[in-house]
Amino acid sequence: MRRSAAAVLGVVGGLLAGAAFIRRQGGRRERADLYFEDGSMLSLTNGSPGAERLIPLARDIIRQVRT
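Everything in this summary refers to the structure shown in the same document. (Residues numbered from 1 in each chain as written. Predicted model: local features only at pLDDT ≥ 70, side-chain atom pairs only at ≥ 80, totals over all residues. Heavy atoms only, no water.)

## Here's the deal with the overall build of the protein chain
Across its full length, the protein chain carries two helices and two strands. A globule of 67 residues ought to have a C-alpha radius of gyration of about 11 Å, yet the protein chain, at 20 Å, is considerably larger. Dimensions of the protein chain, computed from C-alpha atoms along their principal axes, come out at roughly 60 × 35 × 20 Å. Looking at the 67 residues of the protein chain, the share that counts as buried comes to 7%. Across the protein chain, the fraction of contacts at a sequence separation of at least 24, relative to all contacts at a separation of at least 6, is 9%. On the protein chain, the mean spot of the 11 positive side-chain charges and the mean spot of the 6 negative ones are 20 Å from each other. (Helix = DSSP H or I, 4+ residues; strand = E, 2+ residues; numbered from the N terminus. Rg over C-alpha atoms; globule rule 2.2 N^0.38 Å. Buried < 20%, exposed > 50% of the residue type's maximum accessible area, 1.4 Å probe, protein only. Contact = heavy atoms within 4.5 Å. Lys, Arg positive; Asp, Glu negative; His and termini not counted. Charge placed at Lys NZ, Arg CZ, Asp CG, Glu CD.)

## Topic: the environment of P56
Following the sequence through the fold, P56 ends up in helix α2 (residues 51-66). Considered as a pair, P56 and D38 are 18 residues apart in the sequence and their alpha carbons are 26 Å apart.

## Description of the pairing of strand β1 (residues 31-35)
Pairing analysis gives five bridges linking β1 to strand β2 (residues 41-45), with the strands arranged antiparallel. Within the sheet, the bridge partner assigned to R31 lies in β2 and is T45. Remark: five residues form the turn of the hairpin made by β1 and β2, two consecutive strands paired antiparallel; G39 in that turn has positive phi of roughly 95°. (Pairing = 2+ DSSP bridges.)

Written out as structure tokens, the structure is:
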């Protein structure tokens, strides 16, 4: 009985640790989300066409707003 409870706690702990790791790794990727008037959205990440021009511009705008 104690082994099964320890196994369940180990699995749950592993899942939580894995989720935290994935969440940290996913947050480092820069992206620009474009929202259009018709309700559609386009997300540009590093390496996608157009992102090389748009992401540096967005970075500059955010820096100006924060200062």
